[in-house]
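# Coordinate analysis (summary)
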Amino acid sequence: MNLFFFGVYPYICLVIMTLGLAIRYVGTPGEWNARSSNLFAKKSLLTGSFLFHYTVILVFFGHVVGLLFPVRLLDAVGFSVSTHMLVAGVAGMIFAPCVLIGLGILLWRRMSNPNVWASTVPMDIVVIVFIMWQACTGGWQDYFGTMPAFIPVGEWVRGILICQPNPEIMEYVPVAIKIHVVCGFAIFAMIPFSRLVHFFSIPVTWFARPLISYRRRYENL
Amino acid sequence: MKIKAQMAMVMNLDKCLACHTCSIPCKNAWTTPAGAEYIWFNNVETKPGIGYPKRWEDQKIWRGGWKLEEGEPKLRSGGKIDRFLKIFGNPILPSIEDYYEPWNYNYKYLTDAPAQKRQPAVGPRSAITGEHMKVEWGPNWEDDLAGANVTGLEDVNFREMQAKAWLQFKTVFMFHLPRICEHCLHPACVASCPSGALYKREEDGIVLADQTRCRSWRMCMSACPYKKVYLNWKTHRSEKCIFCYPRIEAGHPTLCAQTCPGRIRYVGLMLYDADKVKEAASAPSAMDVYDSQLSVFMNPHDPDVLAKASEDGVPDQFLEAAKKSPIYKLVSEWKVALPLHPEFRTLPMVWYVPPLSPLVSGGVTSGDQLDNMRIPVKYLANLLAAGDEKPVRAALSRLLAMRAFMRSQRFAENAALDETGTKSAGQDDFAADLWGSPSAPASDADIAALETVGLSPETARAMYRMLAIARFDERFVVPSSRREFADNVDKLKGEIGYPEALS
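Model, not experiment: these values are computed from the prediction. (Residues numbered from 1 in each chain as written. Chains lettered and ligands numbered in written order. Predicted model: local features only at pLDDT ≥ 70, side-chain atom pairs only at ≥ 80, totals over all residues. Heavy atoms only, no water.)

### Focus on the packing of aromatic side chains
Under the definition given, this model contains 36 aromatic pairs over all chains. Ring centres of A:Trp140 and A:Phe144 lie 6.1 Å apart, and the angle between their planes is 55°; this geometry places the pair in the tilted category. With a gap of four residues between them, A:Trp140 and A:Phe144 both fall in helix 6 (residues 122–144), about one helical turn apart. The partly exposed category is assigned to A:Trp140, whose relative accessible area is 37%. Ring centres 5.3 Å apart and planes at 70° place the aromatic pair A:Phe207 and B:Phe84 in the edge-to-face group. Linking A:Phe207 in the loop between helix 8 (175–190) and strand 1 (214–215) with B:Phe84 in helix 3 (residues 80–85), this pair reaches from one chain into another. A connected cluster of aromatic rings, assembled from ring pairs, spans B:Tyr38, B:Tyr52, B:Tyr99, B:Tyr100, B:Trp103 and B:Tyr230. Seen from the ring of B:Tyr199, A:Arg215 lies directly overhead, with NZ or CZ sitting 4.0 Å from the centre. (Phe/Tyr/Trp six-rings, centres within 6.5 Å; stacked < 30°, edge-to-face > 60°. Helix = DSSP H or I, 4+ residues; strand = E, 2+ residues; numbered from the N terminus. Buried < 20%, exposed > 50% of the residue type's maximum accessible area, 1.4 Å probe, protein only. Lys NZ or Arg CZ within 6 Å of the ring centre and 35° of its normal.)

### Points about the nonpolar core
In terms of nonpolar packing, the biggest core is built from 151 residues, with B:Tyr38 and B:Leu271 touching the most fellow members. The element best represented in this core is helix 18 (residues 389–420) of chain B, accounting for eight residues. Apart from the residues within four sequence positions on either side, B:Leu271 is in contact with B:Ile3, B:Lys4, B:Ala5, B:Val296, B:Phe297, B:Met298, B:Pro300, B:Val305, B:Leu306, B:Val314, B:Leu319 and B:Ala322. Residues A:Trp32, A:Phe52, A:Val127 and A:Ile131 belong to the second largest nonpolar core, which totals 20 residues. (Core = buried A, V, L, I, M, F, W, Y, C linked by side-chain atoms within 4.5 Å. Contact = heavy atoms within 4.5 Å.)

### Some remarks on the environment of B:Ala468
Residues and elements named next belong to chain B. Note on placement: Ala-468 falls in helix 21 (residues 457–469). The sequence separation of Ala-468 and Arg-263 amounts to 205 residues, and the corresponding C-alpha distance is 8.8 Å. Those residues in contact with Ala-468, other than ones at most four positions away along the chain, are Lys-15 and Met-463.

### Here's the deal with the pattern of salt bridges
If charged atoms from side chains of opposite charge come close, those side chains can pair. All chains considered together, the criterion is met by 25 salt bridges over all chains. Residues B:Arg403 and B:Asp14 are paired through a salt bridge, measuring 3.1 Å at the closest nitrogen-oxygen approach. With B:Arg403 in helix 18 and B:Asp14 in the loop between strand 1 (3–12) and helix 1 (23–30), the pair connects residues that are 389 residues apart, well separated along the chain. Judged by relative accessible area, which is 27%, B:Asp14 ranks as partly exposed. With its nearest N and O atoms 2.9 Å apart, the salt bridge here joins B:Glu389 to B:Arg393. One end of the pair, B:Glu389, and the other, B:Arg393, are both in helix 18, four residues apart, so they sit about a helical turn from each other. Here B:Glu389 falls in the partly exposed class, since its relative accessible area comes to 23%. Here the salt bridges share partners, and the residues they tie into one network are A:Arg35, A:Arg110, A:Asp124 and A:Arg195. (Salt bridge = Lys/Arg side-chain N within 4 Å of Asp/Glu carboxyl O.)

### Section: the sheet that holds strand 1 of chain B
Residue and element names in this part refer to chain B. Sheet architecture is open: five strands sit in the order 13-12-1-15-14, paired in mixed fashion. Strand pairing shows two members of the sheet lacking a second neighbour, strand 13 (297–298) and strand 14 (338–339), which therefore form its edges. With four bridges connecting them, strand 1 and strand 15 (residues 350–353) associate as parallel partners. Within strand 15, the residue paired with Val-10 across the bridge is Trp-351. This element, helix 15 (residues 316–323), spans strand 1 and strand 12 (265–273) of the sheet and lies at about 115° to strand 12. (Pairing = 2+ DSSP bridges. Axes fitted to C-alpha atoms, helices over the stretch in contact; angles between N-to-C directions.)

### Let's talk about the interface of chain A and chain B
Taken together, the 41 residues of chain A in the interface contact 67 residues of chain B. In total, chain A and chain B occlude about 4900 Å² of area from one another, counting both sides; carbon and sulfur atoms represent 59% of this. It is A:Leu39, A:Trp206 and A:Arg215 that lose the most area in chain A upon contact with chain B, and together they represent 18% of the buried surface on that side. If you look at where chain A meets chain B, you find two salt bridges. Here B:Asp210 ties to A:Arg215 by a salt bridge, and the two come within 2.9 Å at their closest N and O atoms. (Buried area = accessible area lost by both parts, 1.4 Å probe.)

### Points about the side chain of B:Arg345
Residue and element names in this part refer to chain B. Within the secondary structure layout, Arg-345 lies in the loop between strand 14 and strand 15. Asp-288 provides the closest opposite charge to the buried, salt-bridge-free Arg-345, at an N-O distance of 7.1 Å. Aside from chain neighbours lying at most four places away, what touches Arg-345 is Trp-66, Leu-68, His-186, Ala-281, Ser-282, Ala-283, Pro-284, Ser-285, Ala-286 and Val-289. (Lys, Arg positive; Asp, Glu negative; His and termini not counted.)

### Details of unusual backbone geometry
Residue and element names in this part refer to chain B. Backbone torsion omega between Lys-47 and Pro-48 reads 0°, so that peptide bond is classified as cis. Here Pro-48 shows up in the loop between strand 2 (43–47) and helix 2 (59–62). Cis geometry is adopted by the peptide bond preceding Pro-53, which originates at Tyr-52 and carries an omega value of -5°. Looking at the element boundaries, Pro-53 is found in the loop between strand 2 and helix 2. Of note, the phi angle at Leu-145 is positive, near 70°, even though the residue is not glycine. Mapped onto the elements, Leu-145 comes out in the loop between strand 6 (125–126) and helix 6 (148–151). Take Leu-145: its relative accessible area is 19%, and that puts it in the buried class. Even without being a glycine, Ala-470 presents a positive backbone phi close to 50°.

### Some details on the side chain of B:His341
Residue and element names in this part refer to chain B. Along the chain, the position of His-341 falls in the loop between strand 14 and strand 15. His-341 gets classed as buried once you look at its relative accessible area, which sits at 1%. In this structure the side chain of His-341 is engaged in a polar contact, spanning 2.7 Å, whose partner is the side chain of Glu-57. (Polar contact = N/O pair within 3.5 Å; in protein donor to acceptor, adjacent residues only side chain to side chain.)

### Side note on the environment of B:Val353
All names here are of chain B. Note on placement: Val-353 falls in strand 15. Residue classification places Val-353 among the buried residues on the basis of a relative accessible area of 0%. Taking C-alpha positions, Val-353 is 4.6 Å from Asn-12, a pair spaced 341 residues apart along the chain. Residues in contact with Val-353, not counting those within four places in the same chain, are Val-10, Met-11, Asn-12, Leu-13, Asp-14, Val-336, Ala-337, Leu-399 and Leu-467.

### Let's talk about the state of the cysteines
Evaluation of the coordinates by the stated rule reveals zero disulfides over all chains. Free cysteine A:Cys98: the closest other cysteine sulfur is in A:Cys136, separated by 14 Å. Of all cysteine sulfurs in the structure, the one in B:Cys256 sits closest to B:Cys244, which takes part in no disulfide; the separation is 6.0 Å. (Disulfide = S-S within 2.5 Å.)

### A word on the pairing of strand 12 of chain B
Side chains on a regular strand alternate between the two faces of the sheet. All names here are of chain B. Counting buried residues in strand 12 gives nine out of nine residues, a clear majority hidden from the surface. Here strand 12 runs beside strand 13; their pairing, made up of two bridges, is antiparallel. Within strand 13, the position partnered with Tyr-272 by the bridge is Phe-297.

### Quick word on the packing of helix 2 (residues 42–68) of chain A against helix 7 (residues 150–161) of chain A
All names here are of chain A. Look at helix 2 against helix 7: their axes get within 8 Å of each other, and the N-to-C directions meet at 85°. Considering their axes alone, helix 2 and helix 7 lie roughly perpendicular with respect to each other. Contact residues: helix 2 offers Gly-66, Leu-67 and Leu-68, while helix 7 offers Phe-150, Val-153, Gly-154, Val-157, Arg-158 and Leu-161. When the residues that make up the contact of helix 2 with helix 7 are grouped by side-chain class, the tally is six nonpolar, two polar and one charged. (Parallel < 35°, antiparallel > 145°, perpendicular 65-115°, else oblique. Nonpolar A, V, L, I, M, F, W, Y, C, P; charged D, E, K, R; others polar.)

Shown next as structure tokens:
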């Protein structure tokens, strides 16, 4: 069980994500977008979307720093385990409810506004529910967790990334964290099948592009 | 200098009677799929009125187009960094209520209803949800001034005017404004697109939204001051008028232009200097933008211009078409067509001949005839010249002078025919009229009248021929594109296009 979920399953998810993204990008490039419903129900979108996106981006970077950088490295720059615990805990205590509230507003408007509901596909609801669930299990650790879980989980994640999985590390982390990790990887697997593909379309090239772009109809004309 | 070709259109508002024939083939060809019901690449509005979406011209609300900041044109909707940080929600996006909630009727019920006491009736049902709904707005809600006494008060073209007074029954005026995408030289929608999906075609300047690169960021909808970029609510992609490019490439005019029964539309090429576009958009005052845009256009009869254009890659058949372009005549030579809201600084390429209107009752004989027209010049100036009455007066005077001249010609011809006895008065020599050929010499008084507005008898006859006769091959001069370089269309058939349309 432990071997499957923390040794095999993450790779299944990552493979589904990578292959799925590639197939979707090549196969149906026209459906690769954020599926905005800004046209319907603007006010509720503005509140929910800004609250959710800004906090979830901070949470994402928090995970990157906390999990991908080894403890020794953070120690070396003067970021001790206890400070780390404190910063991550307090940030999580603030951000987890923000994500929950933001998504709650988005879910509520999606279900209560008939126009938004008509333009909703089941996957839109699934991703919202999953991310809310993530905020709950992640928030549980921040509010009630007693051990610095990022130390074993971080080590495990780094093992996964360098293709040397150590599932036994995960054996002793709290159940809430285990659920958080498993559902997290499920979200990775969901990306190609949902609107979440817009992660990969953050318009950074915009800043390098000239304002008025011209394109040729036929390249060799 | 870099000369490019641009497909352009002129609409003669003097002849538009809002039959909406243009909108129908456009709708049928391009925007019937689910999700596109509310999208009208072409719609016809009645002025005064606030149009579709509501108050689209009011950039205090929608912040479309460009503004001048330290001599540079900047997007009114916000710069890249500002927009990037607000990418999660667009506060200046019109809502579906501002366009209108599309609706349909269950016509089947009319024939399938069981026998009952009363006639079966059907109510409107939302095309989005399928539920019963109240119809509250539409692409031409203010048709023939319907409700304009209320909505007209918010029409920004009444700037510096007493809107209330002009909307009284005795003074009210009306004309129609068909609108498509302006295919601007300095398009705000293109500049605002984070993912680079919107682009201007190098060959003919048509502005297109790449359906495979649109990521649903919806900045274009806000940036376009004409609100002619739409979001398909089902595919969540931007769609906009494509200037019927498949037809244009084959040498045909757009559907809206070809089907117009009033022959109000002209389609042709303009040559312009792409390097001067930004400078033109940066004209110091809003009223200068019209002149600065004119200065960007190049004379297709100048051999140097043609040589340079050829060098810059404009194909020969495009140059031939540019020489015969009705747009160049109406816009640059005769200056009877004017841009729609030049103050938006997008340098639009769909221009309008301002409408003449009847003189107000009371038999006014003194003063400028233009000031006694039912449609106030100031209103037209606010619509077509950033409030500057000069170009509007010039255009209207030329149209009036042309009319007076042709009428005088007609009488002279008839008088001449009476004398010779071959035909009686009233039996016009229609053929002579049709070709605008001088069958009677112009009198000195006629020539003098034309000269006051800067026209010669030949020009007046050419204008008459273009505006009143408006032959098909003279209103539409569309070169076909170089198909020898085209993709293998037979191979592509059934493979590309909107996936929704194929299934």
